[in-house]
Amino acid sequence: QVQLVESGGGLVQAGGSLRLSCAASGRTFRGGGLGWFRRAPGKEREFVAGITWSVGSTSYADDVKGRFTISRDIAKNTVYLQMNSLKPEDTAIYYCAGRATTTWNYWGQGTQVTVSS
């Protein structure tokens, strides 16, 4: 069974940092990658960051570029999201996602990130 388990969420003050982790089990995503989405209250889920598994190429949403860094640990089949200079508008539920090829169709349960002002 494919499972994506997020951890590392919590409450942090504006300007602070958090590191999210997502441990994948049940399969690998060598042909695709892992990434992060988020859903703020009253808003649709949006893409935050992604990384390909084979090469490690990264992509980011415009509003997190320069502040967030996605990385992977191949041996642990784990992806991380280092979030720096957090803003209240970053408050959301953050979901780990996986894609075997091009479609994001594996999802974690989410972890809450709350940034206070």
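Quick caveat: nothing in here was measured; it's all calculated off a predicted structure.

**Comments concerning the sheet that holds strand β1 (residues 3-7)**
And step 1. The strand order β1-β3-β8-β7 describes an open sheet built from 4 strands, whose pairing is antiparallel. What marks the edges here is a single partner per strand, and that holds for β1 and β7 (68-73). Ignoring strand direction, the axes of neighbouring strands in this sheet form an average angle of 15°.
And step 2. Taken together, the 6 bridges between β7 and strand β8 (residues 78-83) define a ladder with antiparallel strand orientation. The partner of phenylalanine 68 across the bridge, within β8, is methionine 83.

**Details of the nonpolar core**
And step 1. If you look at the biggest cluster of nonpolar residues, it comprises 27 residues, and the most contacted ones within it are Trp36, Val48, Phe68, Val79, Leu81, Met83 and Tyr94.
And step 2. Only β3 (18-25), β4 (33-39), β5 (46-52), β7, β8, β9 (92-99) and β11 (111-116) provide two or more residues apiece to this core.
And step 3. When residues of this core are assigned to their parent elements, the largest contribution, 4 residues, is made by β3.
And step 4. If sequence neighbours within four positions are ignored, leucine 81 has contacts with Leu18, Arg19, Leu20, Trp36, Val48, Ala49, Phe68, Thr69, Ile70 and Tyr94.

Criteria and cut-off values
- Residues numbered from 1 in each chain as written.
- Predicted model: local features only at pLDDT ≥ 70, side-chain atom pairs only at ≥ 80, totals over all residues.
- Heavy atoms only, no water.
- Pairing = 2+ DSSP bridges.
- Helix = DSSP H or I, 4+ residues; strand = E, 2+ residues; numbered from the N terminus.
- Axes fitted to C-alpha atoms, helices over the stretch in contact; angles between N-to-C directions.
- Core = buried A, V, L, I, M, F, W, Y, C linked by side-chain atoms within 4.5 Å.
- Buried < 20%, exposed > 50% of the residue type's maximum accessible area, 1.4 Å probe, protein only.
- Contact = heavy atoms within 4.5 Å.

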